[in-house]
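Summary of structural features
Read off the chains here:
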Amino acid sequence: MSVERMMAGVSASITDFKANPNAIIQQSGGEAVAVLKSNAPCFYAVPPELFEMMAEAVEDLALLTQAR
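Report follows, based on the coordinates. (Residues numbered from 1 in each chain as written. Predicted model: local features only at pLDDT ≥ 70, side-chain atom pairs only at ≥ 80, totals over all residues. Heavy atoms only, no water.)

The relation between two aromatic rings is expressed through the spacing of the ring centres and the mutual angle of the planes. Counted according to the given criterion, the structure contains one aromatic pair. Judged by centre distance (5.6 Å) and plane angle (80°), the ring pair of phenylalanine 17 and phenylalanine 43 falls under edge-to-face. Here the residue phenylalanine 17 occupies a position in helix α1 (residues 14-19), and phenylalanine 43 occupies one in strand β3 (residues 40-45), the gap between them amounting to 26 residues. On the basis of relative accessible area, phenylalanine 17 is assigned to the buried category, the value being 13%. (Phe/Tyr/Trp six-rings, centres within 6.5 Å; stacked < 30°, edge-to-face > 60°. Helix = DSSP H or I, 4+ residues; strand = E, 2+ residues; numbered from the N terminus. Buried < 20%, exposed > 50% of the residue type's maximum accessible area, 1.4 Å probe, protein only.)

Take the side chain of serine 28 next. Turning to its location among the elements, serine 28 is positioned in the loop between α2 (21-27) and β2 (33-37). The residues touching serine 28, leaving out its near neighbours within four places in the chain, are Val10, Val33 and Pro47. (Contact = heavy atoms within 4.5 Å.)

Here the focus is the pairing of β3. The sheet contact formed by β2 and β3 spans five bridges and is antiparallel. Across the sheet, the residue bridging to alanine 34 is tyrosine 44, located in β3. (Pairing = 2+ DSSP bridges.)

Counting residues in hydrophobic clusters, the biggest one holds six residues: Ala12, Phe17, Ile24, Val33, Val35 and Ala45. The contact partners of valine 33, leaving out residues within four places of it in the chain, are Ala8, Val10, Ser11, Ala12, Ile24, Ile25, Ser28, Phe43, Tyr44 and Ala45. (Core = buried A, V, L, I, M, F, W, Y, C linked by side-chain atoms within 4.5 Å.)

Here you go:
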């Protein structure tokens, strides 16, 4: 038995996600959603606002690294 690490507090089966991805994203409350296949994460769906925050954080970290 293996244990998979999930990087999201919200998850949905790939079947449910394919049936209505917008509903799953809305129900996540702005959090990332781990989409599961055979009970293991196969990808993460991220709302646009969260993706933008993540991209800005990566950019800020790169600039901080350059400044140092």
